[in-house]
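What the coordinates show
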Amino acid sequence: MELLRLATAGSVDDGKSTLIGRLLYDSKSIFEDQLEAIAETTKQRGDEGIDLALLTDGLRAEREQGITIDVAHRYFATPRRKFIIGDTPGHIQYTRNMVTGASTADLTIVLVDARHGVIEQSKRHTFIASLLRIPHIVVAINKMDLVDWDQEVFETIRKDFSAFAAKLDVTDLTFIPMSALLGDNVVDRSENMDWYEGSTLLHHLEEVHISSDRNLKDVRFPVQYVIRPQSDEYRDYRGYAGTVAGGIMKPGDEVVALPSGFTSKIASIDTADGPVEEAFPPMAVTIRLEDEIDISRGDMLSRPNNQPIVGQDIEAMICWMSEASSLTPRSKLALKHTTKWVRTMVKDLQYRLDINTLHRDEDATELKLNEIGRVKLRTTQPLFHDTYARNRLTGSFILVDETTNVTVGAGMIIDNN
Amino acid sequence: MTYQLSDVRALESEAIHIIREVAAEFERPVMLFSGGKDSILMLHMAIKAFAPAKVPFPIMHIDTGHNFPEVIEYRDRRVAETGIRLIVASVQDAIDKGLVTEETGPRASRNGLQTTALLEAIEEHRFDALFGGARRDEEKARAKERIYSFRDEFGQWDPKGQRPELWNLYNGRHNMGEHFRIFPISNWTELDVWHYIRDEDIDIPNIYMAHKRMVFKRDNMWLADTPFINRMDDEVLEERLVRFRTIGDATCTGAVDSPADDIEKVIEEVGATRVTERGATRADDRRTEAAMEDRKKEGYF
Ligand SMILES: Nc1nc2c(ncn2[C@@H]2O[C@H](COP(=O)(O)OP(=O)(O)O)[C@@H](O)[C@H]2O)c(=O)[nH]1
């Protein structure tokens, strides 16, 4: 069974909670005690039946205010796949949560209310999905029951949405008309929209092809931990533990270690279950080399003829996530990239992007909470990196405030040529 | 050849990555070990993460003193087999030192007192990272907690001030006195755990399998007859075929009726069950709707 990570986004009242509740309910992932609890709450509020949206209500403050504050994780499985939902609220002020939820997602569901069509929030969500390079986007055109299941409405929204998405880097876009409330086209096919010939949402989630989304071309192995047993039996054992970030590694392959530049061959790829013939993302393994060369945490193994970019001048799109501070030229920050921490200074803010209009404001002097811009950085040590477009794991980094230790920015590296 | 890991192997890789990351970046990590299946699974993966070397941190049991003997026996056996260092932080000691007062009455539980013993141990040993076996599918507040969960110098969790967590880039930076709770199996469900225990043939305490036991009914759960609980007059003992779905303090962990006496049957039962693990078996979560959130804010696991 495969694992699919999905992120959901929608503005308040588009029906996101109802949709997730419906997916969990119809896939039989909801337990009786949870149902009883929400039936009870629905009753207390003076409503009838069970409000599926309550299933995804989390913290006390959220229940009191009737809104979602933070990324919540939900789990369900069908016989074909296991799903992890990163559910993020859609309010303007929560761009940072959306970015968080989107960073590891294979697929995102963008909700659109059929009565309202494509609004700014739908655009913002789609832009973030494309910025974070979520490979698959599903546009769920919801509340079709409120527009008489009208195909015209669906087609108009599809056209509007496609016109907007054409300006972005979106590879796979799928439109599904549905009613989350009544269940049409969520798990079961709609009987009210026989004009729609595509898949139901769940069927699409089960079938969408994700195995080619990871980078299997460029070998990238950030060394995480050096394993040196202190026992007689393994006196000469020296293994480099880490998680494969790209490519396929095999014993016998020639590799180069960065930053030293020394080359060697892979002697063996070890796991606690014994050596393996191949390692690919996201396997956690331990690599042994034929030669003894000096390698430590933060170094990277790759192939001599296919190496990452090595450099201290980085250009990136940054999403700023701090309320307490802003990013300005000359800001000094800690930066974590793969398994390496360095310090960095902001050299230049090239522009701030208006995520609704995609307008570039080149006169901007700072990035505030939830703002996104293109930035030039200088790091204290070279980063062994790729562009984010090429590899989400070696092309991403976080920025951390050195006094508060809080994560204040998310960075996606772009080509600086 | 398709280059795709199965769901459980992908979860295992994620957990091993997190465990190694913590071992590399924190000075004094420790792994909480209750003898329950989640902590057993976590320890199993810690051993795999560093093989053939030893696990570079100790494990710690927060001991309420109200244990199932089978679990303590299991714990000690596992420690002997792995050679890992075990620290026991005892609630009884905290009571004896006068740090906490014991609840009284038939519903007395030491569950809440664990927080004090835990925070005390963190201070004493100056731990800066504590691995916990919590899963996000267990409970609403957990569903929103990060994998690296920051705690201030009072051990408190601030659900609204959590650090964003992006890609697999974890930020464990902190000042003296602050620490992190680390949840490597956040993304596992109860069923994933059982599949993995089966696939890896992991030894678990036998009380997870169906056995005959003297129990009595309280709050719609079967509580075991132990020296630590006073039964009320109308609570009568009977012998039933039961098993435990979670293992915690004996005074508030309920058993469920079950004929599942081997792992395949347990998996079948868990797959078909319609009640959550905590709903079925944890009296501590039933106290109020926000019970877990409140306890977490104060420093609970
Ligand atoms: N008629 C209709 N109402 C819906 C549909 N989906 C959601 N709703 C209603 O829209 C309102 C907002 O839904 P909710 O799921 O709470 O929205 P959220 O804020 O996006 O999570 C609720 O009253 C739902 O019952 C739908 O498909 N059709």
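Analysis parameters
Residues numbered from 1 in each chain as written. Chains lettered and ligands numbered in written order. Predicted model: local features only at pLDDT ≥ 70, side-chain atom pairs only at ≥ 80, totals over all residues. Heavy atoms only, no water. Helix = DSSP H or I, 4+ residues; strand = E, 2+ residues; numbered from the N terminus. Buried < 20%, exposed > 50% of the residue type's maximum accessible area, 1.4 Å probe, protein only. Lys, Arg positive; Asp, Glu negative; His and termini not counted. Charge placed at Lys NZ, Arg CZ, Asp CG, Glu CD. Contact = heavy atoms within 4.5 Å. Areas by Shrake-Rupley, 256 points an atom, 1.4 Å probe, with all protein chains shown as cover. Buried area = accessible area lost by both parts, 1.4 Å probe. Salt bridge = Lys/Arg side-chain N within 4 Å of Asp/Glu carboxyl O. Polar contact = N/O pair within 3.5 Å; in protein donor to acceptor, adjacent residues only side chain to side chain. Nonpolar A, V, L, I, M, F, W, Y, C, P; charged D, E, K, R; others polar. Domains from an automatic or database assignment. Near = heavy atom within 4 Å. Pairing = 2+ DSSP bridges. Axes fitted to C-alpha atoms, helices over the stretch in contact; angles between N-to-C directions. Phe/Tyr/Trp six-rings, centres within 6.5 Å; stacked < 30°, edge-to-face > 60°. Lys NZ or Arg CZ within 6 Å of the ring centre and 35° of its normal.

Take the overall build of chain A next. Tallying secondary structure elements over chain A gives seven helices and 20 strands in all. Taken over the C-alpha atoms alone, chain A extends approximately 70 × 55 × 40 Å along its principal axes. Every one of the 417 residues in chain A was classed for burial, and the buried ones make up 59%. Between the centroid of the 47 positive side chains of chain A and the centroid of its 64 negative side chains there is a distance of 6 Å.

The secondary structure content of chain B amounts to nine helices and 10 strands. Put simply, 72% of the contacts in chain B that link residues at least 6 apart link residues at least 24 apart. Accessible surface, chain B as shown: approximately 11,600 Å² in total, 48% of it carbon and sulfur.

Another point: the interface of chain A and chain B. Counting residues at the interface gives 86 residues for chain A, matched by 63 residues for chain B. Of the roughly 6,100 Å² buried between chain A and chain B on both sides combined, carbon and sulfur atoms contribute 55%. Where chain A packs against chain B, one counts seven salt bridges. Residue K336 of chain A pairs with E25 of chain B through a salt bridge whose shortest N-O separation is 3.5 Å. Between the two partners, chain A and chain B, sit 32 residue pairs in polar contact (both at pLDDT 80 or more). Counting residues per element, the side of chain A that touches chain B draws most heavily on helix α3 (residues 60-65) of chain A, at five residues. Its residues placed into classes, the side of chain A that touches chain B shows 40 nonpolar, 25 polar and 21 charged.

With that out of the way, let us pick up the domain arrangement of chain B. All names here are of chain B. For chain B, the domain assignment lists domain 1 (7-192 + 290-298) and domain 2 (206-284). One C-alpha centre belongs to domain 1, the other to domain 2, and the line joining them spans 23 Å. With 25 residues of domain 1 in contact, the opposing surface of domain 2 contributes 26 residues. Summing the contributions of domain 1 and of domain 2, the shared interface buries around 2,200 Å²; its carbon and sulfur component is 52%. Applying the counting rule to domain 1 against domain 2 returns two salt bridges. The partner of E190 in a salt bridge is R245, with the nearest N and O atoms 2.8 Å apart. Linking domain 1 with domain 2 are four residue pairs in polar contact (both at pLDDT 80 or more). Breaking the side of domain 1 that touches domain 2 down by element, the ones donating at least two residues are α3 (69-82), α6 (190-199) and α9 (291-298). For the side of domain 1 that touches domain 2, a count of residues per class yields seven nonpolar, eight polar and 10 charged.

Pairing is possible between side chains of opposite charge, provided their charged atoms come close. Counted according to the given criterion, the structure contains 48 salt bridges over all chains. R240 of chain B serves as the salt-bridge partner of E238 of chain B, at 2.9 Å between the closest nitrogen and oxygen. Judged by relative accessible area, E238 of chain B falls into the partly exposed class, the value being 30%. Residue class for R240 of chain B comes out partly exposed when judged on its relative accessible area of 26%. Here the salt bridges do not stand alone but share partners, grouping D273 of chain A together with R9, E12, K48 and E200 of chain B into one network.

Moving on: the domain arrangement of chain A. Residue and element names in this part refer to chain A. In terms of domains, chain A is made up of domain 1 (3-207), domain 2 (221-302) and domain 3 (309-413). Between domain 1 and domain 3, the contact holds 22 residues from the first and 15 residues from the second. Between domain 1 and domain 3 lies a buried interface of about 1,500 Å² when both sides are counted; carbon and sulfur atoms form 64% of it. Looking at the side of domain 1 facing domain 3, the largest losses of area belong to R96, F127 and L131, adding up to 34% of the total buried there. The tally of links from domain 1 across to domain 3 stands at zero salt bridges. Between domain 1 and domain 3 we count nine residue pairs in polar contact (both at pLDDT 80 or more) in total. Secondary-structure elements contributing two or more residues to the side of domain 1 that touches domain 3 are α4 (95-102) and α5 (120-131). The residue makeup of the side of domain 1 that touches domain 3, split by class, is 11 nonpolar, five polar and six charged.

Attention now moves to the site of the ligand. Residues and elements named next belong to chain A. For the ligand, the set of nearby residues contains 16 residues, the closest of which are D13, K16, S17, T18 and D145. Interatomic distance of 2.7 Å between a backbone N/O atom of D13 and an oxygen atom of the ligand. With respect to the ligand, the backbone of K16 contributes an N or O atom lying 2.8 Å from an oxygen atom. Calculation on the ligand without its partners gives an accessible area of 580 Å², and the protein chains cover 76% of this total. For the shell around the ligand, the element with the most residues is helix α1 (residues 16-26), which contributes three residues. Its residues assigned to classes, the shell around the ligand shows five nonpolar, six polar and five charged.

Residues and elements named next belong to chain B. With respect to topology, six strands assemble into an open sheet ordered β3-β2-β1-β4-β6-β5, the strand pairing being mixed. Since the sheet does not close on itself, it has two edges, and those belong to β3 (86-90) and β5 (148-151), each with one partner. Between one strand and the next, the sheet's axes are offset by a mean angle of 30 degrees, whatever the strand orientation. In this structure, strand β2 (residues 59-63) lies alongside β3, joined through five bridges in parallel fashion.

So, on to the packing of aromatic side chains. One pass over the structure, following the stated rule, counts 18 aromatic pairs over all chains. Residues F161 of chain A and F175 of chain A carry aromatic rings whose centres are separated by 5.7 Å and whose planes lie at 80 degrees to one another, so their mutual orientation is edge-to-face. Taken together, the positions of F161 of chain A in helix α6 (residues 151-165) and F175 of chain A in strand β6 (residues 172-177) put the pair 14 residues apart, joining distant regions of the chain. As far as burial versus exposure is concerned, F161 of chain A and F175 of chain A are alike and both buried. Both rings, one in F57 of chain B and one in F131 of chain B, keep their centres 5.0 Å apart while their planes meet at 35 degrees; by these two values the pair is tilted. With F57 of chain B in the loop between α2 (37-50) and β2 and F131 of chain B in strand β4 (residues 129-131), this residue pair connects regions lying 74 residues apart in the sequence. Three or more aromatic residues joined by ring pairs make a cluster, and in this case those are F26, Y148, F150, Y170 and F180 of chain B. The ring of W341 of chain A has R173 of chain B lying over it, and the distance from NZ or CZ to the ring centre is 4.9 Å.

All names here are of chain A. A large share of strand β3 (residues 81-87) lies buried, amounting to seven of its seven residues. Of the two faces of β3, both are covered, the one formed by R81, F83, I85 and D87 as well as the one formed by K82, I84 and G86. Here six bridges tie strand β2 (residues 72-77) to β3, and the two strands are oriented antiparallel to one another. Looking across to β3, one finds that R74 is bridged to I85. Here β2 folds back onto β3 in antiparallel fashion, the turn holding three residues.

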